[in-house]
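# Architecture at a glance
What follows is the residue order along each chain.
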Amino acid sequence: SMLNYTIPLDMIAYLSKETHLVPWDTVYSSLNRIGVHLKDTLSFRDYRKYVVGLVSEHYHRLGWQDEGSHTDKLNRFNILNLACGYGYKPCLEEAENIFSKWIEDEEFYIKPNLRSLVYKYGTQKLNDFDAWETMFDRYVSEINSQQKAKLLYGLSSIKEPWILQRFITLAKE
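Read on for a plain summary of the structure. This structure is a prediction, so every number in the text was calculated from the model and none was measured.

Glancing now at the environment of Pro-90. Tracing the backbone through its elements, the reader meets Pro-90 in helix H5 (residues 89–104). Spatially, the C-alpha atoms of Pro-90 and Ser-56 are 9.1 Å apart, while their sequence positions differ by 34 residues. Contact partners of Pro-90, with chain neighbours within four places excluded, come to Tyr-59 and His-60.

So, on to the layout of surface pockets. When its volume is computed, the largest pocket comes out at roughly 440 Å³. Around the largest pocket, the lining comprises 18 residues; the ones closest to its centre are Lys-39, Cys-84, Gly-85, Tyr-86 and Tyr-121. Of the residues that constitute the lining of the largest pocket, the class distribution is seven nonpolar, six polar and five charged.

This brings us to a positive patch on the surface. There is a patch of like positive charges on the surface, built from Lys-39, Arg-48, Lys-89 and Lys-159. Of note, Lys-39 is situated in the loop between helix H2 (21–38) and helix H3 (44–62).

Direction vectors running N to C along helix H7 (residues 129–141) and helix H9 (residues 161–172) enclose 20°, while the axes themselves pass 11 Å from each other. On the basis of their axis angle, the class for H7 and H9 is roughly parallel. Considering the relative orientation of H7 and H9, their crossing is right-handed. For the pair H7 and H9, the contacting residues are Phe-129, Trp-132, Glu-133 and Phe-136 in the first and Trp-162, Ile-163, Arg-166, Phe-167 and Leu-170 in the second. Taken together, the residues of the contact of H7 with H9 break down into seven nonpolar, no polar and two charged.

Quick look at helix H4 (residues 70–85) now. End to end, H4 covers 23 Å across 16 residues, agreeing with the expected 22 Å (1.5 Å per residue, within 8%). Those residues of H4 not exposed but buried are Asn-75, Arg-76, Asn-78, Ile-79, Leu-80, Asn-81, Leu-82, Ala-83 and Cys-84. On its buried face, H4 is in contact with H2, H3, H5 and helix H6 (112–126). Directly beyond the C-terminal end of H4, a positive phi value near 80° is found at Gly-87.

Another point: a nonpolar patch on the surface. A grouping of Leu-3, Ile-7 and Met-11 is seen on the molecular surface, where their side chains present a nonpolar patch of about 330 Å² in accessible area. Looking at where Leu-3 falls in the secondary structure, it is placed in the segment before helix H1 (6–11).

This paragraph deals with the pattern of salt bridges. All told, the structure shown has four salt bridges when counted by the stated rule. Glu-96 serves as the salt-bridge partner of Lys-125, at 3.5 Å between the closest nitrogen and oxygen. Linking Lys-125 in helix H6 with Glu-96 in helix H5, this pair joins segments that are 29 residues apart in sequence. Across the pair Arg-166 and Glu-133 runs a salt bridge whose closest N-O atoms are separated by 2.8 Å. Linking Arg-166 in helix H9 with Glu-133 in helix H7, this pair joins segments that are 33 residues apart in sequence. The exposure class assigned to Glu-133 is partly exposed, which follows from its relative accessible area of 24%.

Basis of the calculations
- Residues numbered from 1 in each chain as written.
- Predicted model: local features only at pLDDT ≥ 70, side-chain atom pairs only at ≥ 80, totals over all residues.
- Heavy atoms only, no water.
- Helix = DSSP H or I, 4+ residues; strand = E, 2+ residues; numbered from the N terminus.
- Contact = heavy atoms within 4.5 Å.
- 1 Å grid on protein atoms, 1.4 Å probe; cavity = no way out; pocket = protein on both sides within 12 Å on 5 of 7 lines; lining within 4 Å.
- Points joined across faces, edges and corners; volume = space filled by probe spheres on them.
- Nonpolar A, V, L, I, M, F, W, Y, C, P; charged D, E, K, R; others polar.
- Patch = residues over 30% accessible without salt bridge, like charges linked within 9 Å, V, L, I, M, F, W, Y side chains within 5 Å.
- Areas by Shrake-Rupley, 256 points an atom, 1.4 Å probe, with all protein chains shown as cover.
- Salt bridge = Lys/Arg side-chain N within 4 Å of Asp/Glu carboxyl O.
- Lys, Arg positive; Asp, Glu negative; His and termini not counted.
- Charge placed at Lys NZ, Arg CZ, Asp CG, Glu CD.
- Axes fitted to C-alpha atoms, helices over the stretch in contact; angles between N-to-C directions.
- Parallel < 35°, antiparallel > 145°, perpendicular 65-115°, else oblique.
- Left-handed = near helix turned anticlockwise from the far one by under 90°.
- Expected span 1.5 Å × (residues − 1).
- Buried < 20%, exposed > 50% of the residue type's maximum accessible area, 1.4 Å probe, protein only.

And the structure:
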């Protein structure tokens, strides 16, 4: 039989106080999977609030500085992805802030661990064609395949349908 969503969500509510990587790593993909299932339902608003409630304290504890232990760094990626992915404003604003600095100055250094998050959520929050074009130009001239993949991830995150259409057209050329 099917389990009601409230049962597992009640079981993991303690995560708002859990700082260790292992429990977070264990539920991370499940939280995202539930989010995908709820995305087009009326429950999604409440689910977003629930996830943000779990991660907001951790977001402020870990922040965007790529520092701390190896497990902190891995956990930071999960927490930032959940915080921004579920619409936590401070997370999205900081992603946009870092992204904008990089758009203005290609030499502005973003730590490799955080680049894909900055490109994705910065692009989404800024939602600006000129910035997207700048990133596309940097993608075209990039020679490092890992960096190219992260830029591609960011480019595909733009919300404007006409820009996405342009991207698809450029990709076919």
